[in-house]
Amino acid sequence: MAKTGEMSITVSGNGPYIVQGEMMVAEQHIVPDAAGMSVEWREGKEFDHPATFRLCRCGHTKTKPFCDGTHKKIDFDGTGSASRDTYDEQAGITEGPTLSLKDAESLCAFARFCDPAGQVWGLVHETDQEGPRIQFLHEAGSCPGGRLVAVDNETESAMEPRLEKSIGLVIDTRAKVDGPLWIRGGIPIPALDGYEYEVRNRVALCRCGRSSNKPYCNGSHAAGAR
Ligand code: FES
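Notes on the structure follow. (Residues numbered from 1 in each chain as written. Predicted model: local features only at pLDDT ≥ 70, side-chain atom pairs only at ≥ 80, totals over all residues. Heavy atoms only, no water.)

Backbone-to-backbone hydrogen bonds pair the strands of a sheet. The strands run either parallel or antiparallel. The strand order β4-β3-β9-β10-β13 describes an open sheet built from five strands, whose pairing is mixed. Either end of the sheet is taken by a strand with one partner, and the two such strands are β4 (38–46) and β13 (202–205). Strand-to-strand twist in this sheet, taken as the mean axis angle between neighbours without regard to direction, amounts to 30°. Across seven bridges, the pairing between strand β3 (residues 24–32) and strand β9 (residues 166–172) is parallel. Residue Glu27 lies in a different strand from β9, and its bridge partner there is Leu169. (Pairing = 2+ DSSP bridges. Helix = DSSP H or I, 4+ residues; strand = E, 2+ residues; numbered from the N terminus. Axes fitted to C-alpha atoms, helices over the stretch in contact; angles between N-to-C directions.)

Working note: regular strand, side chains alternate between the two faces of the sheet. Here β13 shows two buried faces, one formed by Arg202 and Ala204 and the other by Val203 and Leu205. Note: strand β10 (residues 177–184) against β13, four bridges, orientation antiparallel. The residue bridging Arg184 from the neighbouring strand is Arg202, located in β13. (Buried < 20%, exposed > 50% of the residue type's maximum accessible area, 1.4 Å probe, protein only.)

By the secondary structure assignment, Gly186 is in the loop between β10 and β11 (189–190). It is 9.1 Å that separates the C-alpha atoms of Gly186 and Glu198, two residues lying twelve residues apart in sequence. Those residues within four positions of Gly186 in sequence are excluded, and the remaining contacts are Lys165, Val199, Arg200 and Asn201. (Contact = heavy atoms within 4.5 Å.)

With respect to the helices and strands, the residue Ser166 is situated in strand β9. Beyond its immediate stretch of four places on either side in the chain, Ser166 contacts Met23, Met24, Trp182, Ile183, Arg184 and Ile187.

The next point concerns the sheet that holds strand β1 (residues 8–11). Here three strands make up an open sheet; going across it, the order is β1-β2-β5 and the pairing antiparallel. Each of the sheet's edge strands pairs with one partner strand only, and the pair in question is β1 and β5 (52–55). Each neighbouring strand pair of the sheet contributes to a mean axis angle of 25°, computed without reference to strand direction. In terms of strand pairing, β1 meets strand β2 (residues 17–20) through four bridges, oriented antiparallel. Across the sheet, the residue bridging to Val11 is Tyr17, located in β2.

Rendered as C-alpha cells:
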C-alpha cells in the first residue's frame, strides 16, 4: 500500500479497488457523432469521496461507483490474468512517415475512438499531412486503455495527452453500458500481493467483473454491442 498522502489504486484479491489520495472521480462520457463513431469525451457528474475509498470492480454494487460489499455475496473471482510484461514488450509497431503507432491489442477497452476517418491504422501512413496527423494524434490519445500510443519518429518519444491524475467512470453512450475505470495521469496501481502494475498515463481497469484480462478492461462490458 502507498504511504499516507500518496495516490494509489490497490487491486484487492476478490474485492474492490482501494483508492487512496485526493483526486477527481467523475463520469467520462464517450460522445458519438451522427454515424455512431466515437469522437470526443465529455465530463459528467463528479463524485465526492473521502481520502480512502473503495470502487466496485465486480459490477454488482447497488451504490455505483462505490463498493457495497456485494462482491462477497456473489463470491466474486477477481483473479488477475493480465500479462505482466511492460507495454513496450507487448506492443507491436506500425511505422508512418513522421509518426508511428504502438498497439497492444490485449488492452483494448472498446471505446472505438480508433475508427473514424479510415481508422488510426490507416491514418498513421498519412502523418506527413497536417489534417490526418492531427486526427491520428486525437484517435491514439483518446484511447482510454492506452492500447494505442503515438510515437514521434525523430525523437522516438511517446506523444501523450496531458492528463491530470484522476479517475474517469466511462459511460458508453452508444452501447448504453458503463465502461471501465479510466485511470489517468500515472497513478500507481499496486496489487495486494505486492506486485506493482506498470504506471501509465492511460489505463482502463475493469469494473464489470467480466474481463478475462483482469485487472484491465478487455471490452467485455460491451459484448452485446459488438
Ligand atoms: S467489488 Fe464490492 S460490490 Fe463490487
